[in-house]
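Coordinate analysis (summary)
Here is what each chain is made of, one letter per residue.
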Amino acid sequence: MSGHRFVVPEETVARQRRASDPTTSAWVSANAGSGKTWVLSRRVIRILLTGTPASRILCLTFTKAAAATMSNRVFQVLGSWTAMDDARLRAELADLE
């Protein structure tokens with residue numbers, strides 16, 4: 001599907017933002033491929049940005065593959081930030097919040 005962009009409904013975006021907010025409790029339950037791992041990895045990143053040491057964050061998954069996927073997503077985002085200029089990084093952080 002190269003060249004196609006998916007449009008995420010605003011209500012979904014709002015729910016994903018609430019679920020990724022580390023200042024609130026959240027229960028994330030949805031169908032496969034709906035963005036749960038994306039939301040949870042964003043939540044981990046936001047928790048890290050509050051100054052919480054990584055050693056204090058616990059994520060539970062049903063499979064090792066799911067844990068690896070979430071870990072890879074977090075490291076992918078953090079790694080991409082190291083190559084961004086300041087303006088782009090500010091925009092990414094603003095979008096995260």
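In this report, we go over the structure that sits alongside the text. (Residues numbered from 1 in each chain as written. Predicted model: local features only at pLDDT ≥ 70, side-chain atom pairs only at ≥ 80, totals over all residues. Heavy atoms only, no water.)

1. Here's the deal with the pattern of salt bridges
When the charged atoms of two side chains with opposite charge come close together, those side chains can pair. Counted under the stated rule, the structure contains three salt bridges. Put simply, Arg-15 and Glu-11 hold a salt bridge, and the shortest N to O gap is 2.6 Å. In this pair, Arg-15 and Glu-11 both sit in helix H1 (residues 10-19), four residues apart, roughly one turn of the helix. Judged by its relative accessible area of 51%, Glu-11 falls in the exposed class. Close ionic contact of Arg-88 with Glu-92 constitutes a salt bridge, the shortest N to O distance being 2.7 Å. Of this pair, Arg-88 and Glu-92 both sit in helix H4 (residues 86-96), four residues apart, which is roughly one turn of that helix. Arg-88 sits in the partly exposed class, given a relative accessible area of 46%. (Salt bridge = Lys/Arg side-chain N within 4 Å of Asp/Glu carboxyl O. Helix = DSSP H or I, 4+ residues; strand = E, 2+ residues; numbered from the N terminus. Buried < 20%, exposed > 50% of the residue type's maximum accessible area, 1.4 Å probe, protein only.)

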